[in-house]
Amino acid sequence: MAPPPKKQVSLLLLLLLLAALAAFAPASAQSCGCASGQCCSRFGFCGTGKGYCGTGCQSGPCDVPATNNVSVASVVTPAFFDALLAQAAPTCEANGFYTRDAFLAAAGYYPAFGRTGTVDDSKREIAAFFGNANHETIMS
C-alpha cells in the first residue's frame, strides 16, 4: 500500500489541530480567571459591558443596582397572596398551581426586584407587577 499523499497528511493534521483547539478553548475561556477590570458573565466568560457585568455577573466590577432593605416576603404576605389568588374563577385550570413560595423563589433570582428606591417605590413596583399579572391572567 502506497503512503498517503503529503497534501492529505497535511489536511488531516490541520483538522486534528483545529479539533484540539475547539475542544480546549471553551474550557479555558469559561474558567473565569478574568483580568482586572473584567467581569465574569453568568455563562463563565470574561469581558466588559452589560452582557458580562449585568444580570448574573459572577465576579469582577459587576453592575448591580443598589438595593434597599425591603423584604419582598414582608410585602407579599400570605394573606396578600391568597387574596390575589382568590380573584381567579373557580373554573380556572391554574387554581392551586401558583404558590407564594414559588413566587418568592423566582423573585430571589432578581435581587433588585422590589428592592430599589424608597420603601414606597418598592411597594409600588411589587403592586405594579401583580396588577399586570392579574390583568393578564385573571378571568372575570
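Provided above is the structure to which this section pertains.
All of these numbers come straight from a predicted model, not from anything done at the bench. Position labels on residues start from 1 in each chain and follow its written sequence. Restriction of local features to residues with pLDDT of at least 70 applies here, the model being predicted, together with a cutoff of 80 or more for giving and counting side-chain atom pairs; totals for whole chains, interfaces and linings are based on all residues. As a rule here, side-chain values cover all heavy atoms of the structure and leave hydrogens and water aside.

Here the focus is the pattern of salt bridges. The rule for a salt bridge is simple: a side-chain nitrogen of Lys or Arg has to be within 4 Å of a carboxyl oxygen of Asp or Glu. With the rule as written, the count across this model stands at 1 salt bridge. The closest approach of N and O atoms between D121 and R124, which form a salt bridge, is 2.8 Å. Separated by 3 residues within a single helix, D121 and R124 lie in helix α6 (residues 119-137), roughly one turn from each other. To sort residues, take the accessible area from a 1.4 Å probe on protein chains only and compare it with the maximum for the residue type: under 20% means buried, over 50% means exposed, and anything in between is partly exposed. What makes D121 partly exposed here is its relative accessible area of 31%. Each helix is a run of H or I in the DSSP string that is no shorter than four residues. Each strand is a run of E no shorter than two, and both are numbered from the N terminus.

We describe a pair of aromatic rings using the distance from one ring centre to the other and the angle between the two ring planes. Note on ring pairs: Phe, Tyr and Trp rings are taken, using the six-membered ring of Trp, and paired if centres are within 6.5 Å. Classes follow the plane angle, with under 30 degrees stacked, over 60 edge-to-face and the rest tilted. Per the counting criterion, the structure on display carries 9 aromatic pairs. Measuring from ring centre to ring centre gives 6.2 Å for F103 and F113, while their planes differ by 80°; the resulting arrangement is edge-to-face. In this pair, F103 is assigned in helix α5 (residues 100-108) and F113 in the loop between α5 and α6, connecting sequence segments 10 residues apart. The exposure classification of F103 matches that of F113, with both residues buried. Where F129 meets F130, the ring centres are 5.1 Å apart and the plane angle is 80°; that geometry is what we call edge-to-face. You can call F130 buried: its relative accessible area is 7%.

Further remarks concern the state of the cysteines. The criterion for a disulfide is a pair of cysteine sulfur atoms lying within 2.5 Å. Tallied over the full model, the rule gives 4 disulfides. Shown here is the disulfide that connects C32 with C40, its sulfur atoms set 1.6 Å apart. Since a negative S-S torsion denotes a left-handed disulfide, the C32-C40 link at about 85° is right-handed. We classify C40 as buried; its relative accessible area is 1%. Here C34 pairs with C46 through a disulfide, and the sulfurs are 2.1 Å apart. As the torsion about the S-S bond is roughly -90°, the C34-C46 disulfide counts as left-handed. Here C34, found in the loop between α1 (6-29) and β1 (39-40), pairs with C46, found in strand β2 (residues 46-47); they are 12 residues apart in sequence, far enough to count as distant. Of the residues examined, C46 reaches a relative accessible area of 27% and is grouped as partly exposed. Should the bonded cysteines of the protein chain be numbered as they appear in the sequence, the pairing reads 1-4, 2-5, 3-6, 7-8.

Right, let's get into the environment of V64. By the secondary structure assignment, V64 is in the loop between α2 (50-53) and α3 (72-75). Once the C-alpha coordinates of V64 and G54 are considered, the two residues, 10 residues apart in sequence, prove to be 6.8 Å apart.

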